[in-house]
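The chain contents come next:
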Amino acid sequence: MTISTRSFVKIMSLSAGIVVALVISSGLNYGRAVKAERSVENSYMRAVQELSLNIDNIKNNLEKGMYSNSPQMMSTLSEKLCSDAATAKTALSQLPVEELDLTNTYRFLSQVGNYSKSLAEKCAKGEELTESEKSNIKKLFSYATDLSGDMWAVERKIQKGEISLNTAAAAAGSLDAESPKTITDGFNDIATADNSFPTLIYDGPFSDHIMNKDPVMLKNAKEITKEAAFNTAVRIAGTRSLTDGGEETGKMPCYVFSGDNVSVAITKAGGMCAYKLKNRHIGSQELSVSKAIEIGEEYLETYGINNLEDSYYEVKDGLCIINYAAEQNDVILYTDLVKVGVALDNGEVLSFDMRGYINNHYIRDIPEPKLTEEEAESLISKELIVNDSNLCLIPSEGMNEIFCYEVSCIGKEGRNILVYINAETGEEERILLLDIGSGGVLTV
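Residues numbered from 1 in each chain as written. Predicted model: local features only at pLDDT ≥ 70, side-chain atom pairs only at ≥ 80, totals over all residues. Heavy atoms only, no water.

## Things to note about the pairing of strand β15 (residues 428–437)
Stated precisely, the cut-off is as follows: For two strands to be treated as a pair, DSSP must find at least two bridges joining them. Secondary structure elements are defined from DSSP: runs of H or I of at least 4 residues count as helices, runs of E of at least 2 residues count as strands, and each element is numbered from the N terminus.
Bridging between strand β14 (residues 416–422) and β15 involves six bridges; their strand directions are antiparallel. Each bridged residue has a counterpart across the sheet, and for I421 the counterpart in β15 is E428.

## Describing the packing of aromatic side chains
Here is the rule we go by: Aromatic pairs are defined between Phe, Tyr and Trp rings, using the six-membered ring for Trp, whenever the two ring centres lie within 6.5 Å; interplanar angles under 30 degrees are classed as stacked, those over 60 as edge-to-face, and all others as tilted. Each residue is placed in one exposure class: buried if its accessible area under a 1.4 Å probe, protein chains only, is under 20% of its type's maximum, exposed if it is over 50%, and partly exposed if it falls in between. Each ring is checked for a lysine NZ or an arginine CZ that lies within 6 Å of its centre and within 35 degrees of its normal; such an atom marks a charge sitting over the ring.
Taken as a whole, this structure holds six aromatic pairs when the rule is applied. Between Y299 and F352 the ring centres are 5.4 Å apart and the planes differ by 75°, which places this aromatic pair in the edge-to-face class. Of the two residues, Y299 sits in helix α7 (residues 289–302) while F352 sits in strand β11 (residues 349–353), which places them 53 residues apart along the sequence. Note on F352: relative accessible area 2%, which makes it buried. Plain terms: the ring middles of Y312 and Y334 are 6.3 Å apart, the flat faces sit at 25° to each other, and that makes the pair stacked. Of this pair, Y312 sits in strand β8 (residues 308–316) while Y334 is found in strand β10 (residues 331–343), placing the two residues 22 residues apart along the sequence. Across the pair, exposure class does not vary: Y312 and Y334 are buried alike. A network of ring pairs unites the aromatic residues Y299, Y303 and F352 as a single cluster. Above the plane of the ring of Y362 lies R364, whose end atom (NZ or CZ) is 4.3 Å from the centre.

## Re the pattern of salt bridges
Here is the rule we go by: By definition, a salt bridge exists where a carboxyl oxygen of Asp or Glu is found within 4 Å of a side-chain nitrogen of Lys or Arg.
Per the stated rule, a full pass over the model turns up 14 salt bridges. Across the pair E247 and K226 runs a salt bridge whose closest N-O atoms are separated by 3.8 Å. Taken together, the residues E247 in strand β4 (residues 243–248) and K226 in helix α6 (residues 226–237) connect sequence positions 21 residues apart. Where D353 meets R355, a salt bridge forms, and the shortest distance between an N and an O atom there is 2.7 Å. Residue R355 is classed as partly exposed on the basis of its relative accessible area of 28%. Because the salt bridges share partners, they merge into one network encompassing K226, D244, E247 and K268.

## What to know about the nonpolar core
To keep things clear, this is the line we draw: For the purposes of this section, nonpolar cores are sets of buried Ala, Val, Leu, Ile, Met, Phe, Trp, Tyr and Cys residues that join through side-chain atoms within 4.5 Å.
Membership of the largest hydrophobic core comes to 110 residues, with the highest contact counts inside it found for I58, F352 and Y420. Top element by residues in this core is helix α1 (residues 5–67). It accounts for 10 residues. One finds I282, L319, I321 and A343 within the second-largest nonpolar core, a separate group that totals five residues.

## Quick look at helix α2 (residues 71–93)
An α-helical turn contains 3.6 residues, so any two residues separated by three or four positions project in the same direction. Operational definition: Expected helix span is computed as 1.5 Å times (number of residues minus one).
Taking 1.5 Å per residue, 23 residues should reach 33 Å; α2 reaches 33 Å between its end C-alpha atoms and fits that length. Every buried residue of α2 is listed here: P71, M73, M74, S75, L77, S78, L81, D84, A85, A88, A91 and L92.

## Description of the environment of Y299
For clarity, the threshold we go by: Residue contacts are counted whenever heavy atoms from the two residues lie within 4.5 Å of one another. Pairs of N or O atoms within 3.5 Å make up the polar contacts considered here, provided that, within protein, one atom can donate a hydrogen while the other can accept it, and that residues adjacent in sequence are counted only when both atoms are side-chain atoms.
What makes Y299 buried here is its relative accessible area of 13%. In the structure, Y299 is positioned 49 residues away from E348 in sequence and 9.9 Å away in space, judged by C-alpha atoms. With residues near it in sequence (within four places) discarded, Y299 still touches I236, K276, V349 and F352. Engagement of the side chain of Y299 in a polar contact is seen with the side chain of K276, the distance being 3.5 Å.

Take a look at the structure:
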């Protein structure tokens, strides 16, 4: 049978159409598969991060429990431990680790949760912990420390590509020796251990409360023009090569100006500098942190900002960011913060952030403490060695302020610790664990 030219063309066109349709269909299916694979990968990564974070929280709160000296504080820590243990168990259940024996990990999380609940109930009655119960906390802390280290090691392996998330659902034994490990292999160390990262004080130890209210210093302040704001920005940036960078809204509306790798925000009300940020490559370190702190103090003085105490700092990529807290009558006001970033190559001030200060600063009516410094220090756990103490104001959960003694201590393991004792009631209000190193001062 012969085929006409027209029929042949129709057949070829139809075949080509089918091929194109198959290619498109294949491409769509591949796209859906890739999308689904990424979704699973992201889900696993979130679970790993959640598990790491909560085991770290458990470790830190257990350590704080070792140094707590009041039923009230222990009750608060116990409630946090219960919550973190439950969240960690949920995260662990979302990971494809069925082929590994993690019975003891689940048992540990359950034990922490249940034990913390029993301690919380006891502390709620005003009862103190026995030596046996304190010993149990130390044992749980030791195990949590090992487990936390293993989890962060797993996360680092994932980030380096040593553990492949996109093959996480596959059995570990199905891969060749040269293939990337599945996520389940990353838990081998944890399974073996079963058989046997700090938060920077960047906005200060009470940063959650700094930006969550109307700015005190801008109350009843007159709104300035954009031209007036521009002139202030020029003075702050040290250059007139600035352009209109738009406006910021929210609780602290600002005019923003940009240019020459620098941005400056000026509050509409009052015309104050909310922040300055300048980007440039920072060379090798030539200055010490103490010199950077001195430079920061001098910079603040040029703007008429005095009576500030440097508290915590971070060194990252050659930039030293220092927190300065306001002082009033030798009382540190921890919410009234100014942050200054000093380049350690030449001392240039690259960043300046006054938002915490603008939000919170005013002259307080600070009472005389009802407790003496000696009385406050006597309330510290016998597990701690007291270095010194000073008066301060810290925010409460209800956005009010608590008048406290900040007692600097050393734990028996050499850990630097801050304990906040209410200067009026003697209650243990807060415990912070400090890590002091070349990278700055970190807290948990």
